[in-house]
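# Breakdown of the fold
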Amino acid sequence: MAFYTREELKKIGFKSLGENVLISDKCSIYSPEKIEIGNNVRIDDFCILSGDIKIGSYIHIAAFSALFGGGGIIMEDFSGLSARGLVYSVSDDYSGEFLTNPMIPEKYRGVYKGEVTFKKHSLVGAGSIILPGVILEEGTSVGANSLITSSTQKWSIYVGSPAKKIKDRKRDLLKLEEKFIREEKE
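A short tour of the structure in this document, coming up. Every value quoted in this text rests on a predicted model; they were computed, and no experiment measured them. (Residues numbered from 1 in each chain as written. Predicted model: local features only at pLDDT ≥ 70, side-chain atom pairs only at ≥ 80, totals over all residues. Heavy atoms only, no water.)

### A closer look at the pattern of salt bridges
We count it as follows: Throughout this description, the term salt bridge denotes a Lys or Arg side-chain nitrogen within 4 Å of a carboxyl oxygen of Asp or Glu. Under the DSSP-based scheme used, a helix requires at least four consecutive residues in state H or I and a strand at least two consecutive residues in state E, with every element numbered from the N terminus. For every residue, the accessible area obtained with a 1.4 Å probe (protein chains only) is divided by the maximum for its type, and the residue is called buried under 20%, exposed over 50%, and partly exposed between those limits.
Counted according to the given criterion, the structure contains eight salt bridges. Of the charged contacts, one joins D44 and R42 as a salt bridge, the two residues approaching to 2.6 Å between their closest N and O atoms. For the salt bridge of K120 with E177, the shortest nitrogen-to-oxygen distance reads 2.7 Å. Pair noted here: K120 is in the loop between β13 (116–118) and β14 (123–124) and E177 is in helix α2 (residues 173–185), with a separation of 57 residues, a long-range link. A residue is classified by how much of its surface remains accessible, and K120, at 28% relative accessible area, is partly exposed.

Below, the structure written as structure tokens:
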């Protein structure tokens, strides 16, 4: 995997760009002037970033993932998206009441938008899909191949299509985060 150099990343024209950012040169980036990237971020091969996206620090977005940020996407610190994860903050209405696709004039479409937020320590498993308006509360963990259609509860684990809470998630990692941040400052 080849990553853009720091100079190449600056030329892309992001709204903001932190330090230690690794983005594959095979990543597709649309409207970079709307994309904010924090520190210590890695985005792998064949990802798509499009629209209003704010990526915090210590984040990994794995290969073949896509963030469609027409309604806004926020990924807070220590969150992550596993391979083939899809995040939609905008979608057509598929009920049959409207025409669909971006080549149709908006007056004939039933588009709905809703900001998607990954709160701190939220993780989304491989092949999962997040729909518009969802808030993954702090510490949410989503199992592979899950469909998230509504917001989650803090420190919970979700699986399935549509996803359902199966149990609470441990918070042990918060002590590790404290230690990590303390050592980073030394």
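### Structural notes on the side chain of E177
The condition is simple: By the convention used here, residues are in contact when the closest approach between their heavy atoms is within 4.5 Å.
Judged by its relative accessible area of 13%, E177 is buried. Leave out the neighbours within four places in its chain, and E177 touches F78, K120 and H121.

### A word on the sheet that holds strand β5 (residues 41–43)
Condition: Strand pairing is assigned whenever DSSP identifies at least 2 bridges connecting the two strands.
Taken in spatial order, the eight strands make up an open sheet running β2-β5-β7-β9-β14-β17-β19-β20, and their pairing is mixed. In the strand order of this sheet, the two ends are held by β2 (21–23) and β20 (163–168), each with one partner. As defined by bridge partners, β2 adjoins β5 across three bridges and the pair is classed as parallel. Bridging across to β5, L22 finds its partner in R42.

### Observations regarding the environment of Y30
Positionally, Y30 belongs in strand β3 (residues 28–30). Taking relative accessible area as the criterion, Y30 reaches 46% and is therefore assigned partly exposed.

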